[in-house]
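So you can see what is in the structure, the chains are spelled out below.
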Amino acid sequence: MRLLHTADWHIGKRLQGHYRLGEQREVLNEIIAIADQQKVDLVLVAGDLFDTFNPSAEAQDLLYDTLKRLSDGGKRPVVAIAGNHDDPAHIEAQDHFGRECGILFAGYPKTEIKAHQLTCAVRLLCSAPGFVELQLPNHDVPVRILLTPYANEARFRAYMGMDQPDAELRDQLHQHWQSLANAYMDDRGINLLAAHLFMMNRGGEKPVEPDDERSILQVGGANIIYTDLIPKQVQYAALGHLHRYQTLGGGACPVVYSSSPLAYSFAEADQQKYVIVIEAEPGQPVQVHPVPLTSGKRLMKKSFAQISKLLEWTELNQDCYVEITMQTATYLSSAETRQIASSHPNIVSIVPDVRPTLPDPLFADVPDESQITAKSATIDLSQPIDDLFVDYFKSKHKGQVPNEGLTTLFREILATEPTE
């Protein structure tokens, strides 16, 4: 059986005002072509289908048209779960129509896809809260899938029936998975997990999150799920949330973030994007094949000390999005900014890197060399926001580091979810 794993489409997402629906249409067409060429039997879309809770009509049209074409008229089922950017109720609202085309939606941690007679070629053999078993066309063995759409702490507690302290969240999810695996997964079928979570190898290095995804983590890391919690019956874990392709260790099976299909922030500049094709058979380790994607504009970060050099580069590199850092002794004039902006159609931001050659007059009577260095230091905007906050605090308070209470308060504000 051949499976295709993709995630984090973020349909409708803009890059600081640059509308990218055309690029998204191109790369989703490429994914459909790969599914056809590879003769894929099942597609897993692991969350963040849309970029906002209220997607535009154009974004919705693109999603449902893509899923319908991926399903190949109901011959190739598509299982799509909600991510932290999706409205779970909105995602599930289309399930009745989707399943007639072999498209199954799950929005909540314990969504149960009720038994029904499909008019397409796919058969629903069994379902339970957070689980589905399907019989695919031209295959004798079933495929079983643990479904875990994104849920914040409050939603996890509501849907998992949790009344334990925060530290027990991981254990409750593990028990939920394990009970389903024990009840429905044996070595006579293909056993999968599709989840939109922040996962890591217990004791390993924490994966890097995209800048606009960090709010998924609660203070103290209560929502981090470890790979060793995945039941041993599972042969492949298809994850969404992190935008870089990576395989995590520590689990009994491959635990894979497929990557987003396009680079969506400059933290992803020059990343190669993929979909994953998996070859699976009952009771055997799966074969994992990352397939590179070629559609969409590259994101590039470039630094220049002379405007003439910048203009030479932009003339030769027009088909990309670029973040320009301009090293200068003073702030750029409005005329210089206009000249740079007009040299390229997709300059997303111009960052002045001010490096004065003389100490600031405000520090003339302060012989503290560390303060002069701090005043003229380059600001590295690619570093984590916690570090940026510390640097900013030090710049405002003569090199003093914020105390632990203030740092904790800052992290709590970052982790607070919007009320709307």
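How each quantity is defined
- Residue positions within a chain follow its written sequence, with the count starting from 1.
- Reporting of local features is limited, given that this is a predicted model, to residues whose pLDDT is at least 70; pairs of side-chain atoms are given and counted only at 80 or more, and all residues count toward the totals for whole chains, interfaces and linings.
- By convention in this description, side-chain values take in all heavy atoms of the structure and omit both hydrogens and water.
- Runs of H or I in DSSP of at least four residues are treated as helices and runs of E of at least two as strands, each being numbered from the N terminus.
- Here, two residues are considered to be in contact whenever any of their heavy atoms come within 4.5 Å of each other.
- Think of a nonpolar core as a cluster: buried Ala, Val, Leu, Ile, Met, Phe, Trp, Tyr and Cys residues, connected wherever their side-chain atoms sit within 4.5 Å.
- Burial here depends on accessible area, computed with a 1.4 Å probe over protein chains only, as a share of the maximum for the residue type. Under 20% is buried, over 50% is exposed, and the range in between is partly exposed.
- Each direction from the helix axis to a C-beta atom contributes to the arc, which is the arc of those directions.
- Here a pair means two rings of Phe, Tyr or Trp (six-membered ring of Trp) with centres within 6.5 Å. Their orientation is stacked below 30 degrees between planes, edge-to-face above 60, and tilted elsewhere.
- Take a side-chain nitrogen of Lys or Arg and a carboxyl oxygen of Asp or Glu: if they are within 4 Å of each other, that pair is a salt bridge.
- Looking at any residue, its pLDDT shows the predictor's confidence there, from 0 to 100.
- Pairing between two strands requires that DSSP report at least two bridges joining them.
- Fitted lines through C-alpha atoms serve as axes, helices being fitted only where they are in contact, and the angles separating the N-to-C directions of these axes extend from 0 to 180 degrees.
- Polar contacts, as counted here, are pairs of nitrogen or oxygen atoms within 3.5 Å of one another; within protein the pair requires one atom able to donate a hydrogen and one able to accept it, and residues that are adjacent in sequence qualify only if both atoms are side-chain atoms.

**A look at the environment of P282**
Now for step 1: Of note, P282 is situated in the loop between β16 (274–279) and β17 (287–292).
Now for step 2: The spacing of P282 and Q235 is 47 residues in sequence and 8.8 Å in space, taken between C-alpha atoms.
Now for step 3: When residues no more than four places from it in sequence are discounted, the contact partners of P282 are V141, D187, R188, G189, I190 and Q235.

**Description of the nonpolar core**
Here is a general trend for soluble globular proteins: nonpolar side chains tend to be buried in one another's company.
Now for step 1: L4, W9, I11, I31, V45, L67 and L70 are the most contacted members of the largest nonpolar core, which totals 32 residues.
Now for step 2: Contributing elements (two or more residues each) for this core: α1 (21–37), β4 (42–46), α2 (57–70), β5 (78–81), β6 (103–106) and β16.
Now for step 3: Sorting elements by how many residues they give to this core places α1 first, with seven residues.

**Quick word on helix α7 (residues 307–316)**
Now for step 1: Among all positions of α7, only I307, L310, W313 and T314 are buried. Down the axis of α7, the smallest arc covering the buried residues is 120°, so these residues share one side. Across α7 from its buried face, at more than 90 degrees, point the exposed residues E315 and L316.
Now for step 2: Next to the buried residues of α7 lie β18 (298–304), β19 (320–328) and α8 (334–341).

**Here we look at the packing of aromatic side chains**
Now for step 1: What the rule picks out here adds up to six aromatic pairs.
Now for step 2: Measuring from centroid to centroid gives 6.3 Å for F389 and F393, while their planes differ by 50°, and the two rings are tilted. Of this pair, F389 and F393 are both found in helix α10 (residues 385–396), four residues apart, which corresponds to roughly one turn of the helix. The exposure classification of F389 matches that of F393, with both residues buried.

**Here we look at the pattern of salt bridges**
Side chains carrying opposite charge are able to pair once their charged atoms draw close together.
Now for step 1: One pass over the full model with this rule turns up 13 salt bridges.
Now for step 2: The salt bridge partner of D319 is K297, with a shortest N-O separation of 3.8 Å. One end of the pair, D319, is in the loop between α7 and β19; the other, K297, is in the loop between β17 and β18, with 22 residues separating them in the sequence.
Now for step 3: Residue class for D319 comes out exposed when judged on its relative accessible area of 60%.

**A few points about the confidence of the model for the protein**
Now for step 1: Here the protein shows a mean pLDDT of 84. Residues at 70 or above account for 83%.
Now for step 2: Per-element confidence in the protein is highest for β16, whose mean pLDDT is 98, and lowest for helix α9 (residues 369–376), whose mean pLDDT is 42.
Now for step 3: Within the model, the stretch residues 214–222 combines pLDDT values under 50 with 28 contacts to residues more than four positions away or in other chains.
Now for step 4: Within the model, pLDDT remains below 50 along residues 358–376, and this stretch shows eight contacts once partners closer than five positions in the same chain are excluded.

**Some remarks on the sheet that holds strand β8 (residues 131–135)**
Now for step 1: Ordered in space as β7-β8-β9-β10-β13-β15-β14, the seven strands form an open sheet in which the pairing is mixed. The open sheet has two free edges, formed respectively by β7 (123–128) and β14 (246–248), since each of these has just one partner strand. For this sheet the average axis-to-axis angle between neighbouring strands, irrespective of direction, equals 20°.
Now for step 2: Judged from the five bridges that link them, β7 and β8 form a sheet pairing that is antiparallel. Residue pairing across strands places R123 opposite Q135, the latter belonging to β8.
Now for step 3: Contacts from helix α6 (residues 169–184) reach β7, β8, β9 (143–148) and β10 (190–196) within the one sheet, and its direction differs from that of β9 by about 165°.

**As for the side chain of H344**
Now for step 1: Relative to the helices and strands, H344 is located in the loop between α8 and β20 (347–354).
Now for step 2: In this structure the side chain of H344 is engaged in a polar contact, spanning 3.5 Å, whose partner is the backbone oxygen of Q318.
Now for step 3: Once residues within four sequence positions are removed from consideration, H344 is found in contact with T314, N317, Q318, C320 and V322.

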